[in-house]
Number of protein chains: 2
Amino acid sequence: MFSIGQLSKQTGVKVPTIRYYEQVGLLVSAGRTEGNQRRYDKDGLERLGFIRHARDLGFSIEAITALIDLQQHPDRSCQQATEIAQHQLTDVREKLLRLKALETELVRIADGCDGEGNSDNCYVLASLADHQHCRGEH
Amino acid sequence: MFSIGQLSKQTGVKVPTIRYYEQVGLLVSAGRTEGNQRRYDKDGLERLGFIRHARDLGFSIEAITALIDLQQHPDRSCQQATEIAQHQLTDVREKLLRLKALETELVRIADGCDGEGNSDNCYVLASLADHQHCRGEH
DNA sequence: CTTGAAGCTCTAGTCACTAGAGGTTGTAGA
DNA sequence: TCTACAACCTCTAGTGACTAGAGCTTCAAG
Ligand SMILES: [Zn+2]
Ligand SMILES: [Zn+2]
Ligand SMILES: [Zn+2]
Ligand SMILES: [Zn+2]
């Protein structure tokens, strides 16, 4: 049996975050001591590892809840799992496209002024004031 | 003079968002009618355009506040403006790196299962359970 | 048995909005 | 001039995924 602190050390998830996961129904402790402290078993440790990894990959708490639910029922079809993963991939790709566009504009904007002048003829400020300066959309 | 709704239409910023910007000190109306409704002048319209554009480029409210402050003082050095822009660029690049790594892993994970099997031998679930499957860090 | 690290609950704060309730004002048409 | 009603007002609370802090209790080593 592990205390919440031991779980935290093993997984790299902070103690208040573990409590938060319990609050939203993602990870319930195996039980409590007489003094009301949480105790976890190997199952809890593995589940928190799963959560941690999925969060690192950007999955939402809601998605992780569904994934764990699926994991608890080994006989069910895993179709939903692939759907969730595909959706997450799509999401990441959309963000990538957006950020690439931003990077292009920001390079132009940030490099357009050396910071030596005054703000009334600063290319950074002028670019922000008028989207016409921009090469693309965003 | 423009009403808040007219400002909204011209800039594409939603009415409650404009009120929110006022609350955080970004954009104050030129005045009010006798009946307490906000009225804006051309200055306000331009400023909201600036805010909108900067937000689209991912600048934080705090950064935009500093940029507008700088814009109000044409005789000041624009060094801070370039710093803020550079910082934003760095930020975007970090996010890009992270997302690219995520994309790589997610392609592998999402394509590793066709969703036809059961969840007890699903590659998606197995990959999430164990970072060892991953090619890189994240 | 004492001490102090680690645990507990509860509330509130973060960021940039967004939604809704419940009331008031502006304006166009009759 | 009156009447509808769209648009406006303020205030509170909710979003996601935590994080911080106050004030208290418990566990375990020495
Ligand atoms: Zn400049
Ligand atoms: Zn632009
Ligand atoms: Zn599968
Ligand atoms: Zn991994």
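Shown above is the structure to which this text applies.
(A) Broad picture of the packing of aromatic side chains. Residue and element names in this part refer to chain A. One pass over the full model with this rule turns up two aromatic pairs over all chains. The interplanar angle of 50 degrees and the centroid separation of 6.0 Å between the aromatic rings of Tyr20 and Tyr21 together place this pair among those described as tilted. Overall, the relative accessible area of 40% leaves Tyr20 in the partly exposed class.

(B) Inspection of the protein's contact with DNA strand C at higher detail. Taken together, 18 residues surround DNA strand C, and among them Gly5, Arg19 and Arg38 of chain A together with Thr33 and Arg55 of chain B come closest. Considering the 4 Å shell around the protein, atoms of DNA strand C inside it are sugar or phosphate in 90% of instances. The contact in question runs from a phosphate oxygen of DNA strand C to an N or O atom on the side chain of Ser3 of chain A, over 3.2 Å. Within the contact set of DNA strand C, a phosphate oxygen lies 3.1 Å away from a side-chain nitrogen or oxygen of Thr17 of chain B. If you list the elements that add at least two residues to the surface near DNA strand C, you get helix 1 (4–11) of chain A together with helix 2 (15–23) of chain B.

(C) Just the relation of the copies chain B and chain A, in detail. Aligned on chain A, chain B shows an RMSD of 0.0 Å; the corresponding rotation is 180 degrees and the shift along the axis is 0.0 Å. Taken together, the rotation and translation relating the two chain copies correspond to the operation of a two-fold axis. Minimal C-alpha separation from the rotation axis in chain B is found for Leu96 of chain B, amounting to 3.3 Å.

(D) A look at helix 2 (residues 15–23) of chain A. All names here are of chain A. For helix 2, the set of buried residues is Ile18, Tyr21 and Glu22. Considered in projection along helix 2, the buried side chains sweep an arc of 100 degrees and stay on one side of the axis. Seen from the open side of helix 2, the exposed residues pointing more than 90 degrees away from its buried face are Pro16 and Gln23. Of the surrounding elements, those touching the buried residues of helix 2 are helix 1, strand 1 (31–32), strand 2 (38–39), helix 3 (42–56) and helix 4 (61–71). Phi for Gly25, located one or two positions after helix 2, is positive at around 85 degrees.

Procedures and definitions
- Each chain has its residues counted from 1, following the order in which its sequence is written.
- Whichever chain is written first is A, and whichever ligand is written first is 1; the rest continue in order.
- Whole-chain, interface and lining totals are the exception, using all residues; otherwise, since this is a predicted model, local features are given only for residues with pLDDT of at least 70 and side-chain atom pairs are given and counted only at 80 or more.
- Note: side-chain values were computed over all heavy atoms of the structure, leaving out hydrogens and water.
- Two rings from Phe, Tyr or Trp (for Trp, the six-membered ring) form a pair when their centres are within 6.5 Å of each other. A pair whose planes differ by under 30 degrees is stacked, one over 60 is edge-to-face, and the rest are tilted.
- The buried label applies to any residue whose accessible area, calculated with a 1.4 Å probe on protein chains only, is under 20% of its type's maximum; exposed applies above 50%, and partly exposed to all values in between.
- Working definition: residue near molecule or strand if any one of its non-hydrogen atoms lies within 4 Å of it.
- Whenever a nitrogen or oxygen atom comes within 3.5 Å of another N or O atom, the pair is scored as a polar contact, on the condition that within protein one atom can donate a hydrogen and the other can accept it, and that pairs from neighbouring residues in sequence are kept only if both atoms are in side chains.
- Numbering of helices and strands runs from the N terminus; a helix is a DSSP stretch of H or I covering at least four residues, while a strand is a stretch of E covering at least two.
- Copies are brought into register by a least-squares superposition over C-alpha atoms of residues with pLDDT of at least 70 in both.
- It is the directions from the helix axis to the C-beta atoms that the arc portrays.
- Any two residues whose heavy atoms approach within 4.5 Å are treated as being in contact.

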